[in-house]
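Report on the structure
The chain contents come next:
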Amino acid sequence: MTIAILLAAAAQTSAADPTVTLRNARGMVVRVIPQGAIITAIEVPDRNGRMANVVLGYPTPADYRTKVRKNGFGATIGRYAGRIANARFPLDGRTIQLTANDGVNALHGGGDQGFDTVDWTVTRAAGKQDRATFTLVSPDGFQGFPGQVTVTLTYHVLADNTLRMDYTARTTRPTVINLTNHSYYNLAGEGSGSVRGQRLRLNATRYVAADAAGIPTGALPPVAGTPLDFRCARAIGDDLDSTTPPMNGRGYNHAWLFDKPAGKLAPVARLSDPVSGRTMTVATTEPSVQAYTGGYIDGQDAGPSGHVYQPGDGIALEMQHISDSPNHPAFPSTLLTPARPYRQTTTLHFGVTDGKDDACK
């Protein structure tokens with residue numbers, strides 16, 4: 001029988017450094033801390049075998065206590081990733097009121113606390129260095145959401161340099177939920193500067209139209225003819241500074257709806273760096289992605305390398321449901337009930353380019 005042991009008692013963690021280290025036989029390393037089940041590092045090789053951390057973050061676990069809410073580096077977002085208009089939504093004939101924290105709206109669930117600010121319980125199977133499970137029990141009424149919700153998130157580093165993330169959530173009362181990971185990727189390596197030259201492809205023909213506050217209008221226009229057209233891989237920097245609608249000169253902070261069956265685990269995005277040769281292929285069961293190039297990073301915080309982060313130094317690819325879905329019945333549902341648990345799988349496969357993998361489909 002596999003015996004689960006608390007990581008607090010494991011030799012690789014300590015009160016001073018709670019980091020959970022996952023690895024595979026090929027040398028890929030993923031580091032996670034209990035606070036927010038936050039990914040603090042993903043170390044993968046370039047085309048020459050040189051290892052580098054490819055996510056932005058802070059120098060020490062202690063820094064996340066005071067800074068995680070500034071940019072959400074590596075964090076698990078909940079209970080609801082994205083925005084909810086006017087911090088309220090209808091549910092079973094009632095109006096659920098949240099705490100506004102983004103003007104009149106609720107961002108990432110509302111309030112000043114979230115799944116990213118609290119410690120999760122960590123377990124791992126004895127002798128398994130490639131995986132760990134993080135569990136959080138969110139009380140009824142947290143951020144104004146009904147129901148006690150129990151969330152599990154298992155990180156698993158596979159043999160082929162894939163990071164697999166499996167989420168589940170169960171509730172005691174009907175509620176809504178939208179979970180995502182908020183890592184910012186830079187395949188040239190953390191601290192290397194801008195991702196402008198890195199190439200992105202999204203399997204999406206439609207994007208989510210939103211107002212100036214980032215609230216979806218309900219329209220799902222075609223990406224064709226807009227700066228949001230990534231059906232063929234191209235440099236992130238091509239339109240990064242565009243003011244052509246729906247861009248506003250602060251980079252990308254937009255959502256796309258994927259072209260795939262609902263709930264199916266399928267490839268949806270690919271990021272590549274021509275210089276290092278690193279690639280990251282994303283597959284998910286989720287219907288949408290929010291891509292964010294850090295336009296509101298304030299230039300005040302240094303990462304582990306000592307480099308002070310600037311807007312555009314990474315790109316977050318947040319696999320999730322669409323913002324404000326509880327107020328848009330036509331959007332994919334985010335309803336969670338005792339009889340209808342939540343499940344999500346997202347995988348990040350890291351490889352190196354063969355010179356053909358950026359070809360347009």
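Notes on the structure in this doc start here.

1. Details of the sheet that holds strand S3 (residues 29-33)
Adjacent strands of a sheet form backbone hydrogen bonds with each other and so pair up, either parallel or antiparallel. Pairing is antiparallel across the open sheet formed by four strands, whose spatial order is S2-S3-S4-S5. Strand pairing shows two members of the sheet lacking a second neighbour, strand S2 (20-23) and strand S5 (51-53), which therefore form its edges. Sheet twist, expressed as the mean angle between neighbouring strand axes with direction ignored, is 15°. Of the strand pairs in this sheet, S2 and S3 are connected by four bridges, and their pairing is antiparallel. The partner of Thr 21 across the bridge, within S3, is Arg 31.

2. Quick notes on the layout of surface pockets
Estimates place the volume of the largest pocket at around 1,100 Å³. Surrounding the largest pocket, 45 residues form its lining, Arg 83, Leu 107, Asn 253, Tyr 292 and Tyr 296 being those nearest its centre. Contributions of two or more residues to the lining of the largest pocket are made by helix H1 (61-71), strand S21 (253-257), strand S24 (288-292) and strand S25 (315-320). Tallied by class, residues from the lining of the largest pocket come to 19 nonpolar, 17 polar and nine charged. Here the second largest pocket is characterised by a volume of approximately 380 Å³. Residue lining of the second largest pocket: 19 residues in total, with Gly 263, Glu 286, Pro 287, His 321 and Ser 333 positioned closest to the centre. Of the residues that constitute the lining of the second largest pocket, the class distribution is 10 nonpolar, five polar and four charged.

3. Describing the pattern of salt bridges
A full pass over the atoms with the stated rule returns 15 salt bridges. As a salt-bridge pair, Asp 102 and Arg 83 come within 2.8 Å of each other at their nearest N and O atoms. Here Arg 83 lies in strand S7 (residues 83-84) and Asp 102 lies in the loop between strand S9 (94-97) and strand S10 (106-107), a separation of 19 residues in the sequence. Where salt bridges share partners, they join Lys 67, Lys 70, Asp 298 and Asp 301 into one cluster.

4. Description of the pairing of strand S8 (residues 88-91)
On S8, burial follows the alternation: Phe 89 and Leu 91 on one face are buried, whereas Arg 88 and Pro 90 on the facing-out side are not. Hairpin geometry of S8 and S9 is characterised by an intervening segment of two residues between the two adjacent antiparallel strands and by a positive phi of about 55° at Asp 92.

5. A closer look at the sheet that holds S24
In spatial order, the strands read S17-S25-S24-S21-S19; together these five strands make up an open sheet with antiparallel pairing. Edge positions in the sheet fall to strand S17 (184-185) and strand S19 (206-207), since each of these pairs with one other strand and no more. Strand direction decides the pairing type here: S21 and S24, joined by five bridges, are antiparallel. In the sheet register, Asn 253 faces S24, and the bridge partner there is Tyr 292.

6. Topic: empty space enclosed by the protein
In this structure the tally under the stated criterion is one cavity of 30 Å³ or more. Considered as a void within the structure, the largest cavity measures approximately 60 Å³ in volume. Forming the walls of the largest cavity are Met 165, Tyr 167, Thr 180, Asn 181, Tyr 185, Leu 317, Met 319, Gln 344, Thr 346 and Leu 348. Listing elements by their share of the lining of the largest cavity, those giving two or more residues are strand S14 (162-171), strand S16 (180-181), S25 and strand S27 (342-352).

7. Some thoughts on the packing of aromatic side chains
On inspection of all chains with the given rule, the structure shows 12 aromatic pairs. Ring geometry for Tyr 58 against Phe 73: centres 5.1 Å apart, planes inclined by 55°, an arrangement best described as tilted. Of the two residues, Tyr 58 is situated in the loop between S5 and H1 and Phe 73 in the loop between H1 and strand S6 (76-77); the sequence distance between them amounts to 15 residues. An identical accessibility class is assigned to Tyr 58 and Phe 73; each is buried. Measuring from ring centre to ring centre gives 5.6 Å for Phe 134 and Tyr 155, while their planes differ by 80°; the resulting arrangement is edge-to-face. Here Phe 134, found in strand S12 (residues 131-138), pairs with Tyr 155, found in strand S13 (residues 149-157); they are 21 residues apart in sequence, far enough to count as distant.

Rules and cut-offs
Residues numbered from 1 in each chain as written. Predicted model: local features only at pLDDT ≥ 70, side-chain atom pairs only at ≥ 80, totals over all residues. Heavy atoms only, no water. Pairing = 2+ DSSP bridges. Helix = DSSP H or I, 4+ residues; strand = E, 2+ residues; numbered from the N terminus. Axes fitted to C-alpha atoms, helices over the stretch in contact; angles between N-to-C directions. 1 Å grid on protein atoms, 1.4 Å probe; cavity = no way out; pocket = protein on both sides within 12 Å on 5 of 7 lines; lining within 4 Å. Points joined across faces, edges and corners; volume = space filled by probe spheres on them. Nonpolar A, V, L, I, M, F, W, Y, C, P; charged D, E, K, R; others polar. Salt bridge = Lys/Arg side-chain N within 4 Å of Asp/Glu carboxyl O. Buried < 20%, exposed > 50% of the residue type's maximum accessible area, 1.4 Å probe, protein only. Phe/Tyr/Trp six-rings, centres within 6.5 Å; stacked < 30°, edge-to-face > 60°.

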